Amino acid sequence: MHDLAARLRRLPPSCGPVRLIGVDGHAGSGKTTFAGRLATALGGAPVLHLDDIATHEELFDWTGRLLSRVIEPFERGETAHYTPYDWTAREFGPVRELPAAPVVLLEGVGAGRRALRPRLARLLWMELPHDEAWARGRRRDGQAQSDFWDGWVRAEHRHFTEDPTQPFADHVVRQCPEGYEVLPGPAEALGPDQFITQCDGPSAAC
């Protein structure tokens, strides 16, 4: 994990002074946990969760809001200001600041969408089949969210059909019993020295 963090720090800025790193994958694939651990390895890098940008009515139609509130300020080298959505109250909350730090992680389904890829320094894809990821997400959220998940599955399937992320990922991330394995993604030029294995557990390998 620390080696991956070091590689990301060495990348050229991609969005103003920011190295914007996208962490995408199916809902329930472990993006939030991985992004949190990567942020720690980066010395406390800011993380923007796309759950704070989306809403019940706009599960995936939030590109304009993200561009105007976050991406465009970053491109000017300014601190971004956004209002996170409260999924219980169904309304936006108080304004939060997001600094134009050297590395910022953008985590959530759709982080690698077409409109954002030109601003990303790297795109990471959490490798977990959608049926496994969705089943894990349903277990996590419980029966009370069953109706929401039914709608979400249809919306996510439609989103990735129209605007897929995985074919454009620079790296594929697989969760292991003791950490993560980071492999070259479809967008990465394959070579004998580009296989990366990273684990944050005590074992030397996954």
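Predicted, not measured: the structure shown is a model, and the values here were computed from it.

Cut-offs used in this document
Residues numbered from 1 in each chain as written. Predicted model: local features only at pLDDT ≥ 70, side-chain atom pairs only at ≥ 80, totals over all residues. Heavy atoms only, no water. Phe/Tyr/Trp six-rings, centres within 6.5 Å; stacked < 30°, edge-to-face > 60°. Helix = DSSP H or I, 4+ residues; strand = E, 2+ residues; numbered from the N terminus. Buried < 20%, exposed > 50% of the residue type's maximum accessible area, 1.4 Å probe, protein only. Lys NZ or Arg CZ within 6 Å of the ring centre and 35° of its normal. Pairing = 2+ DSSP bridges. Axes fitted to C-alpha atoms, helices over the stretch in contact; angles between N-to-C directions. Contact = heavy atoms within 4.5 Å. Salt bridge = Lys/Arg side-chain N within 4 Å of Asp/Glu carboxyl O. pLDDT = per-residue confidence, 0-100.

Colleague: Can you explain the packing of aromatic side chains? Please cite residues and give values.
Modeller: Under the defined criterion, the tally for this structure stands at five aromatic pairs. With a centroid separation of 4.9 Å and an interplanar angle of 70°, the aromatic rings of Phe34 and Tyr180 are classed as edge-to-face. Taken together, the residues Phe34 in helix H2 (residues 31-41) and Tyr180 in strand E10 (residues 179-184) connect sequence positions 146 residues apart. A relative accessible area of 0% places Phe34 in the buried class. Where Tyr85 meets Trp87, the ring centres are 5.1 Å apart and the plane angle is 85°; that geometry is what we call edge-to-face. Overall, Tyr85 belongs to the buried group, its relative accessible area being 6%. The exposure class of Trp87 is partly exposed, given its relative accessible area of 26%. Its guanidinium or amino end placed over the ring of Trp62, Arg113 lies 3.8 Å from that ring's centre, counting from NZ or CZ.

Colleague: I'd like a description of unusual backbone geometry, backed by residues and values.
Modeller: A positive phi angle, close to 60°, is found at Arg90, a residue other than glycine. Residue placement: Arg90 occurs in the loop between strand E4 (85-86) and strand E5 (91-92).

Colleague: Give a detailed account of the sheet that holds strand E1 (residues 19-24), specifying residues and quantitative values.
Modeller: The strand order E2-E7-E1-E8-E9-E10 describes an open sheet built from six strands, whose pairing is mixed. Taken across any chain shown, the strands that pair with only one partner, and hence form the sheet edges, are strand E2 (47-49) and E10. Each strand axis lies, on average, 25° off the axis of its neighbour in the sheet, ignoring direction. Strand direction decides the pairing type here: E1 and strand E7 (residues 103-107), joined by five bridges, are parallel. Opposite Gly22, over in E7, you have Leu106 as the bridge partner. In this fold helix H1 (residues 2-9) packs onto E1, E7, strand E8 (120-126) and E10, with an angle of close to 135° to the strand it touches most, E1.

Colleague: Break down the pattern of salt bridges for me, with residues and values.
Modeller: For the coordinates displayed, the defined rule picks out seven salt bridges. Two residues, Asp52 and Arg96, come together in a salt bridge whose shortest N-O distance is 3.5 Å. One end of the pair, Asp52, is in the loop between E2 and helix H3 (63-75); the other, Arg96, is in strand E6 (residues 96-98), with 44 residues separating them in the sequence. In this structure, a network of salt bridges that share partners links the residues Arg114, Arg117 and Asp163.

Colleague: Got a sec to walk through the confidence of the model for the chain? Specific residues and values, please.
Modeller: Across the chain, pLDDT averages 88, with 89% of residues at or above 70. The low-confidence segment residues 190-206, where pLDDT is below 50, has 41 contacts with residues more than four positions distant or belonging to other chains.

Colleague: Could you give an account of the pairing of strand E9 (residues 171-176), with specific residues and numbers?
Modeller: Note that E8 and E9 share three bridges and pair parallel. The residue of E9 that forms the bridge with Leu124 is His171. As paired elements, E9 and E10 share six bridges and run antiparallel to each other. Paired with His171 across the two strands is Pro184, which belongs to E10. Taking the residues between adjacent antiparallel strands as the criterion, E9 and E10 are bridged by two residues.

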